[in-house]
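Working through the structure, step by step
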Amino acid sequence: MSDTAVAMVVTRPLGSLSPLVAQTASPTGMWVWVRVSVTASGMCNADIGGAAATGADTVFPVVPGHEIAGVIAELGDQVQGWSVGDRAAVGWFGGSCGHCAFCRAGDVVHCPERKVPGLSYPGGWAQSITVPADALARIPDELDLVDAAPLGCAGA
Ligand SMILES: [Zn+2]
Ligand SMILES: [Zn+2]
């Protein structure tokens with residue numbers, strides 16, 4: 001499936017944030033990744049640092065945002081337990097390797113390969129985000145997506 005989405009990007013260190021229309025990253029063939037259509041994305045102090053994009057290992061363009069709430073739009077081939085249309089949050093925890101000693105002990109937050117949306121891959125200041133399925137948290141029907149988004153930051 002090919003589609004476009006607007007993302008807010010920074011293209012150089014200390015550059016301004018500007019909208020970019022880009023192809024959505026389809027999870028087809030990415031096995032356990034999903035694409036979430038973003039309804040709401042919070043702005044966190046950690047995003048200010050991310051948007052400054054001054055890290056030596058920064059990969060441009062940077063799309064900040066790790067307080068995301070939306071609806072699943074596309075599923076990778078091997079994703080289990082989620083369906084298109086499910087309401088999901090993505091927070092500071094953006095996925096882990098699944099096979100290191102920390103992951104095998106359930107301590108995924110300390111995985112040396114732990115990912116953070118907006119730092120490890122394009123984040124939620126966009127209409128669409130593609131993330132590993134283990135980064136998802138289910139949002140109850142009675143919780144508004146706008147209210148749910150900032151909870152993702154502490155969701156680690
Ligand atoms: Zn790990
Ligand atoms: Zn945060």
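Refer to the structure above for everything that follows.
**Re the pairing of strand E4 (residues 68-75)**
Most of E4 is tucked away: 7 of the 8 residues are buried. Strand direction decides the pairing type here: strand E3 (residues 33-41) and E4, joined by 7 bridges, are antiparallel. Along E4, the bridge assignment pairs Val34 with Leu75. Where E4 lies against strand E5 (residues 87-90), 4 bridges are found, and the strand directions are antiparallel. Among the inter-strand pairings, Val71 is bridged to a residue of E5, identified as Arg87.

**Details of the environment of Ala40**
Note that Ala40 resides in strand E3. Ala40 sits 110 residues away from Pro150 along the chain, and the two C-alpha atoms are 8.9 Å apart.

**Focus: helix H1 (residues 45-52)**
Those residues of H1 not exposed but buried are Asp47, Gly50 and Ala51. Burial along H1 is one-sided: seen end-on, the buried residues are contained in an arc of 95°. The exposed residues of H1 that point more than 90 degrees off its buried face are Asn45 and Ile48. Within two residues after H1, Ala53 carries a phi angle of roughly 55°, on the positive side.

Cut-offs and rules
- Residues numbered from 1 in each chain as written.
- Chains lettered and ligands numbered in written order.
- Predicted model: local features only at pLDDT ≥ 70, side-chain atom pairs only at ≥ 80, totals over all residues.
- Buried ≥ 20, exposed ≤ 12 C-beta atoms within 10 Å, placed from the backbone.
- Helix = DSSP H or I, 4+ residues; strand = E, 2+ residues; numbered from the N terminus.
- Pairing = 2+ DSSP bridges.
- Arc of directions from axis to C-beta.

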